[in-house]
Amino acid sequence: MKEKAYYEKINIDNERKLRELIQTLPYFCKDFFIGIEPTTSSRTRIAYAYDLRIFFEYMHDNNPVCSKMEISQFPLELLDEVKAQDIEEYLSWLKYYIKDNVEHTNQERGISRKLACLRSFYNFFFRTERISTNPAELVQMPKLHEKNIVRLDVDEVALLLDEVESGENLTKRQKAYHAQTKKRDLAMLTLMLGTGIRVSECVGLDLTDVDFKNNGIKVHRKGGYESIVYFGEEVEQALLEYVQERKTMIPAEGSANALFLSMQKKRMSVRSVENLVKKYSQLVTSLKNITPHKLRSTYGTTLYQESGDIYLVADVLGHKDVNTTRKHYAAQADERRRQAAKIVRLREKE
């Protein structure tokens, strides 16, 4: 049997998980997930399922009518009985609640995402004329405060890669493993810093996705489409050294095509790469607490500073909407505008 691609395995696993989650929701929710399937990723649908489950659990625990029945038995007519004020109270409750003796909190972004889910949910049934009201549209989105981009400076990038290469600050036990993983770790971090690909795109790479003739990699993007991302000489060198080593390895079953293998000779997972990045960043004391996504931010910021082309940055990072890119790199855009004010001279000083 032909080995499935990484993204195909992920989609199958997500579909199984989604079917399990749907069983915990009102019966009519299944129609919603079938309806949005053509325009959403499996990951998005799972996120929606979790958010909807929180909403209906809230209704069950706080509404006298809903508390008398199982969540799976909630009728579709219930949606028409919910008012905008009910949703606002739900969003307020999300800021802090206790479930199964565990405290939960949601900041403005988490609340905004859950409202966006409800809007999509209500809009589906309203658009298909199965309900007559759409209270979620009447609730205002929380104001989101922009967060500063955490990224690495040029000297910090060099320090990080030097540490990955030398392993100087590792413990004696870690150094034993480092000897076996150094080329892999250096190739992964150099690749992410040199191309800005997502960690999920990185672990999903197969050996056949790397094209050294054109210095490009084929990545399966977040939206489900494929794209070619090109890399420079530093990435090429790190990848070449690792690929030579990789070809001598005997991979575990199901990971024959994987580019990056774990110590168990299985395809690397997103979590293991996150832990790897955390380990190395903590060894270099001057570094910020970084994640794979911050390596991506570092690349995006550097590319924008060097090119000034927001459309190029959006294309390389795989952003479908350039406004997403502009939102993330607004601070750099503002700095460039400040520089513009200093460049133009109206009159020479005497």
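Refer to the structure presented above.
Residues numbered from 1 in each chain as written. Predicted model: local features only at pLDDT ≥ 70, side-chain atom pairs only at ≥ 80, totals over all residues. Heavy atoms only, no water.

Asker: Quick question: what am I supposed to make of the packing of helix α12 (residues 292–307) against helix α13 (residues 310–317) here?
Answerer: One can describe the packing of α12 onto α13 by two numbers: an axis separation of 9 Å at closest approach and a directional angle of 150°. For the element pair α12 / α13, the angle class is roughly antiparallel. Our pair here, α12 against α13, has a crossing hand that is right-handed. From α12, Arg-296, Tyr-299, Gly-300, Leu-303, Tyr-304 and Ser-307 reach across to α13, where they touch Ile-310, Leu-312, Val-313, Val-316 and Leu-317. In the contact of α12 with α13, the residues fall into 8 nonpolar, 2 polar and 1 charged. (Axes fitted to C-alpha atoms, helices over the stretch in contact; angles between N-to-C directions. Helix = DSSP H or I, 4+ residues; strand = E, 2+ residues; numbered from the N terminus. Parallel < 35°, antiparallel > 145°, perpendicular 65-115°, else oblique. Left-handed = near helix turned anticlockwise from the far one by under 90°. Contact = heavy atoms within 4.5 Å. Nonpolar A, V, L, I, M, F, W, Y, C, P; charged D, E, K, R; others polar.)

Asker: What is the right way to read the pattern of salt bridges from this model?
Answerer: Any two side chains of opposite charge can pair, on the condition that their charged atoms come close. Under the counting rule described, the total for this entry stands at 14 salt bridges. Across the pair Arg-130 and Asp-31 runs a salt bridge, and its minimum N-O distance is 3.0 Å. Of this pair, Arg-130 sits in the loop between α6 (108–127) and α7 (154–166) while Asp-31 is found in helix α2 (residues 29–36), placing the two residues 99 residues apart along the sequence. With a shortest N-O distance of 3.6 Å, Asp-51 and Lys-114 are connected by a salt bridge. Of this pair, Asp-51 sits in helix α3 (residues 42–62) while Lys-114 sits in helix α6, and the two are 63 residues apart along the sequence. (Salt bridge = Lys/Arg side-chain N within 4 Å of Asp/Glu carboxyl O.)

Asker: What is the right way to read the packing of aromatic side chains from this model?
Answerer: Each aromatic ring pair is summarised here by two numbers: the centre-to-centre distance and the angle between the ring planes. Using the criterion set out here, one finds 21 aromatic pairs in the structure. Ring centres of Tyr-58 and Tyr-90 lie 5.2 Å apart, and the angle between their planes is 50°; on these two criteria the pair is classed as tilted. With Tyr-58 in helix α3 and Tyr-90 in helix α5 (residues 84–94), this residue pair connects regions lying 32 residues apart in the sequence. Tyr-90 gets classed as buried once you look at its relative accessible area, which sits at 0%. Geometrically, the ring pair formed by Tyr-242 and Phe-260 is stacked, given 5.3 Å between the ring centres and 20° between the ring planes. Residue Tyr-242 is found in helix α10 (residues 233–246), and its partner Phe-260 is found in the loop between α10 and α11 (270–283); the two are separated by 18 residues along the sequence. Exposure class is identical for Tyr-242 and Phe-260. Each is buried. (Phe/Tyr/Trp six-rings, centres within 6.5 Å; stacked < 30°, edge-to-face > 60°. Buried < 20%, exposed > 50% of the residue type's maximum accessible area, 1.4 Å probe, protein only.)

Asker: What is the right way to read unusual backbone geometry from this model?
Answerer: The phi dihedral of Asp-100 is positive, around 55°, even though this residue is not glycine. Note on placement: Asp-100 falls in the loop between β1 (96–99) and β2 (102–105). Of note in this structure, Glu-129 is not a glycine but carries a positive phi near 60°. Locating Glu-129 in the fold gives a position in the loop between α6 and α7. What makes Glu-129 exposed here is its relative accessible area of 72%.

Asker: Mind showing me how you'd approach the packing of α3 against α6 here?
Answerer: Working note: a packed helix pair is described by the angle between its axes plus the distance between those axes. For the pair α3 and α6, the least separation of the axes is 10 Å and the interaxial angle reads 90°. On the basis of their axis angle, the class for α3 and α6 is roughly perpendicular. Two secondary-structure elements touch here, α3 through Tyr-48, Asp-51, Leu-52, Ile-54, Phe-55 and Phe-56 and α6 through Arg-113, Lys-114, Cys-117, Leu-118, Ser-120 and Phe-121. By residue class, the composition of the contact of α3 with α6 is 8 nonpolar, 1 polar and 3 charged.

Geometry only, nothing functional implied.
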